Amino acid sequence: MGGSILLPLMADSIMTTPTDSASPIRVRIAPSPTGDPHVGTAYIGLLNFIYARQGGGKFVLRIEDTDRTRFVPTSEQMIFDSLRWLGLAWDEGPDVGGPYGPYRQSERTEIYREYVQKLLDSGHAYRSFETAEELEAMRKSQIAAKLPPRYNGAHRELSAEQIAAFEAEGRPAVIRLKVPVEGETTFRDELRGDVTFSHNNVDDQVLLKSDGFPTYHLANVVDDHLMRITDVIRAEEWISSTPKHVLLYKAFGWEIPRFWHMPLLRNLDKSKISKRKNPVSLIYYRESGFLPQALLNFLGLMGGGMVQPTEQEIVSKGLNVKEGDIFSLPEMLEKFDFKRISLGGPVFDLTKLKWLNGEYLRALPPGDFFTALRATIFSDDYLSRIAPLVQTRIETLAQFGDMTDFFFKDDVMPPPEVFVPKKRTLEETVAFAADQLEVLEKTDFTTETLEPALKQLGVDKEWAVKDNFMLLRAILTGKTASPPLLESMIVFGKARSLDRVRRFLDTQKRLANQKK
RNA sequence: GGCGUUAUGGUGUAACUGGUUAACACGCCGCCCUCUCAAGGCGGAGAGUCCGGGUUCGAGCCCCGGUAACGCUACCA
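Here we summarise the structure given alongside this text. Since the structure is predicted, the reported quantities are computational estimates derived from the model, not experimental observations.

**Quick word on the pairing of strand β5 (residues 184-189)**
Within a regular beta strand, the side chains point alternately toward one face of the sheet and then the other, so they alternate between its two faces. What you see with β5 is a clean split: T185, F187 and D189 sit on the buried side and E184, T186 and R188 on the side with no burial. The turn linking β5 back onto strand β6 (residues 193-198) is made up of 3 residues.

**Side note on the pattern of salt bridges**
The full count for this structure, using the stated rule, is 41 salt bridges. Across the pair R156 and D204 runs a salt bridge whose closest N-O atoms are separated by 2.9 Å. Taken together, the positions of R156 in the loop between α4 (132-144) and α5 (160-168) and D204 in the loop between β6 and β7 (206-208) put the pair 48 residues apart, joining distant regions of the chain. The same class applies to R156 as to D204, namely buried.

**Here's the deal with the environment of E184**
For E184, the location among the structural elements is in strand β5. When the C-alpha positions of E184 and N200 are compared, they lie 8.0 Å apart, and in sequence the two are 16 residues distant. What E184 contacts, discounting residues up to four positions off in sequence, is T196, F197, S198 and H199.

**Some thoughts on helix α18 (residues 447-461)**
Taking 1.5 Å of rise per residue, the 15 residues of α18 would be expected to cover 21 Å, and the 21 Å separating its terminal C-alpha atoms lies within 8% of that figure. Within α18, burial applies to L450, L454, L457 and G458. Each buried residue of α18 sits inside an arc of 100 degrees when the element is viewed along its axis, so together they form one side. The exposed set on the far side of α18, more than 90 degrees from its buried face, consists of E448, V459 and D460. In this fold, the buried residues of α18 make contact with α17 (426-441), α19 (465-477) and α20 (485-492).

**Brief notes about the nonpolar core**
Membership of the largest hydrophobic core comes to 57 residues, with the highest contact counts inside it found for M262, Y285, M332, F338 and F348. Sort the elements by how many residues they give to this core and helix α1 (residues 39-54) lands first, with 10 residues.

Conventions and cut-offs
Residues numbered from 1 in each chain as written. Chains lettered and ligands numbered in written order. Predicted model: local features only at pLDDT ≥ 70, side-chain atom pairs only at ≥ 80, totals over all residues. Heavy atoms only, no water. Buried < 20%, exposed > 50% of the residue type's maximum accessible area, 1.4 Å probe, protein only. Helix = DSSP H or I, 4+ residues; strand = E, 2+ residues; numbered from the N terminus. Pairing = 2+ DSSP bridges. Salt bridge = Lys/Arg side-chain N within 4 Å of Asp/Glu carboxyl O. Contact = heavy atoms within 4.5 Å. Expected span 1.5 Å × (residues − 1). Arc of directions from axis to C-beta. Core = buried A, V, L, I, M, F, W, Y, C linked by side-chain atoms within 4.5 Å.

Following this line, the structure appears as C-alpha cells:
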C-alpha cells in the first residue's frame, strides 16, 4: 500500500491522501443487527480481515444499531457467533472491547450529538422541520413532475425566529447536511480511480433523525474518524453516498480515509443478492452443513483477488489444476491481492459452493468427518430436540429415519398433489404460501408466537387451520404426515425453514412461468 | 427520470507493459473405472471478449460514441 511518502507535511493539503505512512492500518466492518447475519457481511468481513492482517493492522467490529425500527435483539449475538464460526476474529468490538469504544452506535449517541452541534455551529448543517408525510408528498410531486426526488432545501436558511416558532409548535426536527449548491466532490476509489459527483446530485442528507439517533452517514464518518479507521472497505452500493461522507470529513476538517468499494454479490439474474433468490443467512449455511473454510474459500473466489498458480507451479508442485480455485484463509492472507479484484458483480452460485464444500468434506480425515457430522447435523443437541417429537409416533427405532428425514435433507420439493388442498387451486395455494412466508419472516420461532400468528393469517385469508398447516407441512417436510409442525419448525430452525419456503415459492414461480 | 458503477462461454475467474487457434475451475454431455451412486481418469460442446467506429503491421487490453445490467436516488443501512 503506497501511502504518501513523497508528500511533505502539508497541513492543509488538497484532501485525499489519507493517513501518513506512519499511521497503522485499521479497518472495520459495521453490520446492522436487523436480522440474520448476512453472507454479504461475511464477504466484506473476509476482505477487511485479510486487509488488516496483510497490513499488520487492526480489524474492528462495530455494531450499527441506529435504526431502532429494524432492530432485532438476538441479531447481534448471531453476528458474533457467525463471524467467529468463520474464523474472522476481530481485534476490537462490543464484546472484546478496545481503546476506541464503545463499539455499539446506540451507546454513542452523545458523541454524535456533540459533533452534529459542531456542524450546526460552523454552518455545515441545519435544522429541518418537515414531517415525514410532508417529505413524502414533496417526493411524490417531484416524481410526478419527472424531477429527481430531492429535499427542496426549504429550511436551509431559516431565521432564528422561524426556528423558534417551529420549536414552540413542538415540531420535531431533523438535522441535515448543508451540501454546497455549486461545485462538485471528487474522491478516489482505490479500485476505480477518481469518482466525481456534482453537488446538484447530492441531497441534503439527514444526519440526525428526529428520534435523536444519527443516520448511517453521520455515525459512520464520526466513528470511522474517532476509531482511526484508515481504509473503508465496503460494498459498492455505498459509492453514491461517498460524496456526502467526504463532505462531512471536510466539514470537520478531518483526514479522509482510503475507500475501497467491493463489487456486490449477485443473484443468478444479476440483481443484488437477496433472500428471495438465494440463501443469504449465515445461520442457514452453518446449519445446512457447510464448512466455514469452504464458505470462506468460495467468498474469496468472488471478485477474484487471488493470484493464480502459474503453469510452472502447477507442474513443479504437482498441483491438481483445480487447486487454483481451492485455497485456505492463510493462503489468502499470503496471496490475496486487492489490486487484482475484478469489478463486475460476481454471481453467488450455490452450485460451485456445494462442489467446493464437497471437496473440503472429502479431504477431511475420516475422524474429522465423523466429528463434523456429530458437531452439526447429528449433534446431541439437535437429535435430543428431535427425539421427543417422534417418541410417541414410532413403533421401532428404525422408523425414526422415515419420520424425520426432512430434518436431515438439503431440500425437499413436494409435488402439487401433496401440497394443494382439495378445494383450492394451485395458484391460490402458492399465493397463500407467500402470505405464510411473510408472516413467518416477522414471527419469532416459539410455540407461543408461531401458532397464533399462523392462525391469524388463516382467519384473515379464510384458510382452514387444517389446510393452512398442511400446506406448510408439505413445503417443509415434503410429506403430509410428520411430527408436530410447529415444534418441528422450531427445531429445524428459522433460517432453514424460511429458506425452504422461499425455494418452494421460487420453484413454483418458475414452473408457472414455464407454462405460460 | 437523474446520478454513479460495471461489461470475457450458463457461472466464477485468467490472459506480463497491445503480439500466435482467448486459458483454468464449476456446471453440462460422452467414455473409462465400478455391484449402485459419488469420487477419480479421459474426451467434448459451449465465448471470438456488450455493440459500432477509430488508432495500430496487430486490440479483450488504447481512444471516441452508443447500449445494457446493476447500484443509489429514505428521518434503512
